[in-house]
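Tertiary structure, described
If you want the building blocks of each chain, they are given just below.
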Amino acid sequence: MATRWTVTIDCEQPAKLAAFWALALGYAERPAPDGFGSWEEWFVHHGIPEDEWDEGAYLSDPDGVGPDISFMRVPERKVVKNRLHLDVQVGGGRETPWEERWPRVQAAVRRLTAAGATVVGEESLDGRPDHMVMADPEGNEFCLL
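Within each chain, residue numbers correspond to sequence positions counted from 1 in written order. Owing to the predicted nature of the model, reporting of local features is limited to residues with pLDDT of at least 70; listing and counting of side-chain atom pairs is limited to 80 or more, with chain, interface and lining totals taken over all residues. Side-chain numbers here rest on the full set of heavy atoms in the structure, without hydrogens or water.

Comments concerning the side chain of histidine 131
- Within the fold, histidine 131 resides in strand β7 (residues 128–135).
- Polar contacts here mean pairs of N or O atoms no more than 3.5 Å apart (in protein, one a potential hydrogen donor and the other a potential acceptor; neighbouring residues in sequence count only if both atoms are side-chain atoms). Here the side chain of histidine 131 touches aspartate 130 through a polar contact of 2.8 Å, side chain to side chain.
- Any two residues whose heavy atoms approach within 4.5 Å at even a single point are treated as in contact. In contact with histidine 131, not counting residues within four places along its chain, are Arg94, Trp102, Gly121, Glu122, Glu123, Cys143, Leu144 and Leu145. In this text, helices come from DSSP runs of H or I with a minimum length of four residues, and strands from runs of E with a minimum of two, each type numbered from the N-terminal end.

This is how it looks when you write it as structure tokens:
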């Protein structure tokens, strides 16, 4: 049996970055844990001080397939390239014919740059564009393919 896991992203503005990634991945705000009507109820129950309630944000895959994602506020800014990044297969991945995949990738680039992402570069394979290297609003790299 596999071990359940989540991805945690350190950031300056958890709610803002969570909103970006919800758009990028089609994720939604993770519901409060079972037995609680809201996250605030859960925070109160566990004695979390109110001034810490906005130190994190949480997303989940609405279909229950992908891992949950947590965004945690940290005091320091990102200063170097990621050692881990997401490959967001907006075009269907490399098993999708290029003629179908690449227009989807380009549409996602436009949608995500409008939401605060930046283009880092375009990578080619066999003489034609293969994937886009992007950065989220806080500079975390990811690829669209």
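Re the sheet that holds strand β1 (residues 6–11)
- Pairs of strands are assigned from DSSP output, requiring at least two bridges between the strands. A sheet is described by the order of its strands in space; here four strands give the open sequence β1-β4-β3-β2, paired in mixed fashion. The sheet is open, and its two edges are formed by β1 and β2 (28–29), each paired on a single side.
- The sheet contact formed by β1 and strand β4 (residues 68–73) spans six bridges and is parallel. What sits directly across from aspartate 10, in β4, is methionine 72.

A closer look at helix α3 (residues 98–114)
- Residue count minus one, scaled by 1.5 Å, sets the expected span of a helix. Spanning 17 residues, α3 covers 24 Å between terminal C-alpha atoms, matching the ideal 24 Å at 1.5 Å per step.
- Relative accessibility decides the category of a residue: with a 1.4 Å probe and only protein chains considered, values under 20% of the type maximum give buried, values over 50% give exposed, and everything between is partly exposed. Regarding α3, the residues found buried are Arg101, Trp102, Val105, Ala108, Val109 and Leu112. Here the buried residues of α3 occupy an arc of 125° about the axis, which is enough to place them on one side. Set apart from the buried face of α3 by more than 90 degrees, the exposed residues are Glu99, Arg110 and Ala114.
- Contacts made by the buried residues of α3 are with α1 (14–25), β6 (118–125), β7 and β8 (141–144). Our arc is simply the arc of the directions from the helix axis toward the C-beta atoms.

Focus: α1
- Helix length check: α1 (12 residues) gives 16 Å between terminal C-alpha atoms against 16 Å at 1.5 Å per residue, within 8%.
- Along α1, the positions that sit buried rather than exposed are Pro14, Leu17, Ala18, Phe20, Trp21, Ala22 and Ala24.
- Tucked into the core, α1 has its buried residues touching β1, β3 (56–60), β4, β5 (86–88), α3 and β8.
- Positive phi shows up at glycine 26, right after α1, with a value of about 75°.

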